[in-house]
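Analysis of the macromolecular model
Single-letter residue listing:
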Amino acid sequence: MAASTFPLKDDLDIVIPTIRNLDFLEMWRPFFQPYHLIIVQDGDPSRNIKVPDGFHYELYNRNDINKILGPKASCISFKDSACRCFGYMVSKKKYIFTIDDDCFVAKDPTGKDIDALRQHINNLLNPSTPYFFNTLYDPFSDGADFVRGYPFSLREGVPTAVSHGLWLNIPDYDAPTQLVKPRERNTRYVDAVMTLPKGILFPMCGMNLAFDRSLIGPAMYFGLMGDGQPIGRYDDMWAGWCVKVICDHLGLGIKTGLPYIWHSKASNPFVNLKKEYKGIFWQEEIIPFFQDAILPKECITVQACYKELSKQVKDKLGKIDPYFVKLADAMVTWIDAWDELNPPAKVAGSK
C-alpha cells in the first residue's frame, strides 16, 4: 500500500535550494513527508535554517560544500539558486525532484490539489517520443494513444530522462517581460504533456523539475552564476541546453507540461535585469551554438559528452567573453567532482 501511495519512495530525493526557513513544506507535507529531502542552504552558512518537524532531510551549507569538495567547490555557485546542483551530486538515489521554496501546491480545474511529484514520476516512468510528434501529445497518458499515421517502429519510444513541469500564477518571465507585464498571471491549466522533438532546444526552468539521475545526472550542472559572476538567472537554462544536446545524442527523451505548481511570488524585475543583462545579449549567440553542437559517436557516457561539450564551449563561446572559458573549466571540474563522489562501480549497482 505504501509503495503505491508514495511511488519511488526509496529511489527519489527532493532537492531544495533556500536562504530561509522552509515553512512552505507544511503545504507539501501530504505529498513529500515520506521522501528524503536534500536542502542546499545558500548565502550565510552561519544562519540557522528551520525545517518543519517530521521530515527526513540532510542540510548542506557553504561550509559543508567546501569541506566535501575541497578545491572543486569552486564549481558550485554562491548566492544563487544554482547551488541546488550540489544536491544532485551528493544524492545516491536514482531520481531527483527539485522545487523552489516559493512554490506551493496548485489546484486543478476541479479544485483538487495537484500531486506534482506523482505526475513527474509518471512522466519519468513512461517513454518519450522525440523522433516523431504525436498530435495527441503524450501517447502514454491516460485516455491517449498513438494517432493514425504514427510509425509502429517508433512506438516503443525512448527512456525519459527529464520531466519539466510548469507553473500557475507567476509566470517564469525574463526581466524585460516582467517590466512590461507586471500584473500578468498564468491562469491557463493545459492538461497536456509532450515530448520535446529531437533537435529542438527549450528554456528549462529549475523550480519544478524532475529527472532520472542515473541517465542524465552528470549533465544537470547549473553553471557558474551569482556571486562573483557576470550573469545570473541563466543557471537552469544553461543546464537545459546542455542536457537537450546530450539527450539527443544518447537517444533519451524530455517531457514538458504537467505537473503545475503554484508560483507564489515574483522576483524583483530590476534586480533580475541586472543579473540577466549580459545573458539577454549572449543568448543570441549561445543558442545557435547549441543548435549546431555535434557530439562525436565515441562519446557514449554523459560524462564524456559533457566534457566534449565543455571543449566546444571554450573554443566557440570563449570568443564572446572570458566568462565562458571560466565556465568551461568549471564544467570539467563539476564532472571530476561528480565522478569522485559517484564512482562508476557504485553507480552501476544502484537501482
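These numbers were taken from a predicted model, which means no experiment stands behind them. (Residues numbered from 1 in each chain as written. Predicted model: local features only at pLDDT ≥ 70, side-chain atom pairs only at ≥ 80, totals over all residues. Heavy atoms only, no water.)

What to know about the overall build of the chain
The cut-off we apply is this: Here a helix means four or more residues in a row that DSSP labels H or I, a strand means two or more in a row labelled E, and each is numbered from the N terminus. Throughout, radius of gyration means the C-alpha value; the globule benchmark is 2.2 Å times the number of residues raised to the power 0.38. We score Asp and Glu as negative and Lys and Arg as positive, and we do not count His or the chain ends. By convention, charge coordinates are those of NZ in Lys, CZ in Arg, CG in Asp, or CD in Glu.
Tallying secondary structure elements over the chain gives 12 helices and 9 strands in all. Scaling as 2.2 N^0.38, a compact globule of 351 residues should have a C-alpha radius of gyration of about 20 Å, and the chain matches this with 19 Å. With respect to the three principal axes, the spread of C-alpha positions in the chain is 50 × 50 × 50 Å. Taken as two groups, the 40 positive and 42 negative side-chain charges of the chain have centres that lie 1 Å from each other.

Considerations on a nonpolar patch on the surface
The condition that has to hold: Only residues whose relative accessible area exceeds 30% and that form no salt bridge enter a patch; like-charged residues are grouped when within 9 Å of one another, and nonpolar side chains (Val, Leu, Ile, Met, Phe, Trp, Tyr) when within 5 Å. Working definition of accessibility: Shrake-Rupley area with a 1.4 Å probe, residue cover restricted to the visible protein chains. Any carboxyl oxygen of Asp or Glu within 4 Å of a side-chain nitrogen of Lys or Arg constitutes a salt bridge here.
Together, Phe133, Tyr137 and Met194 make up a nonpolar patch on the protein surface, roughly 270 Å² of accessible area in all. Here Phe133 is to be found in the loop between α5 (116–125) and β6 (160–169).

Digging into the UniProt feature "glycosylation site" (unreviewed entry) in the chain
What counts, and what does not: UniProt positions are given in the numbering used here, feature names are shortened, and annotations may be inferred rather than shown by experiment. Each residue is assigned to one of three classes by its accessible area relative to the maximum for its type, calculated with a 1.4 Å probe on protein chains only: buried under 20%, partly exposed between the two thresholds, exposed over 50%.
Taking the numbering used here, the UniProt-annotated feature "glycosylation site" (unreviewed entry) corresponds to Arg148. Tracing the chain through its elements places Arg148 in the loop between α5 and β6. Overall, the relative accessible area of 84% leaves Arg148 in the exposed class.

Digging into α5
Where we set the bar: Summarising the geometry, the arc corresponds to the directions from the helix axis toward the C-beta atoms.
When we look at burial in α5, the residues that qualify are Ala116, Leu117, His120, Ile121, Asn123 and Leu124. Buried residues of α5, viewed axially, fall in a sector of 160°; they line one side.

Comments concerning the confidence of the model for the chain
Low-pLDDT stretches of the model should not have their predicted coordinates read in fine detail. For the record, the criterion: Confidence scores labelled pLDDT are given residue by residue by the predictor and lie between 0 and 100. Throughout, a contact is declared for two residues whenever any of their heavy atoms are within 4.5 Å.
Per-residue confidence for the chain averages 95 on the pLDDT scale, and 97% of its residues sit at or above 70. Counting interchain partners and residues more than four positions distant, the pLDDT-below-50 stretch residues 346–351 has 3 contacts.

Observations concerning the UniProt feature "site: Required for activity" (unreviewed entry) in the chain
Quick note on the threshold: Counting of polar contacts relies on pairs of N or O atoms within 3.5 Å, with two restrictions inside protein: one atom must be capable of donating a hydrogen and the other of accepting it, and residues adjacent in sequence are counted only when both atoms are side-chain atoms.
Feature annotation in UniProt assigns "site: Required for activity" (unreviewed entry) to the following positions: Arg148 and Arg155. With respect to the helices, strands and loops of the structure, Arg155 is situated in the loop between α5 and β6. The contacts of Arg155, once residues within four sequence positions are left out, are Phe140, Phe146, Val147 and Tyr150. Of note is the side chain of Arg155, whose polar atom sits 2.9 Å from the backbone oxygen of Tyr150.

A word on the nonpolar core
What counts is decided by this rule: Note on terminology: a nonpolar core comprises buried Ala, Val, Leu, Ile, Met, Phe, Trp, Tyr and Cys residues joined through side-chain atoms within 4.5 Å.
Counting 68 residues, the largest nonpolar core has Ile216, Tyr221, Trp238, Phe290, Tyr306 and Trp334 as its most contacted members. Sort the elements by how many residues they give to this core and helix α11 (residues 323–341) lands first, with 10 residues. Apart from residues lying up to four places away in sequence, Ile216 is in contact with Ala161, Val162, Phe211, Val243, Ile246, Cys247, Leu252 and Val302.

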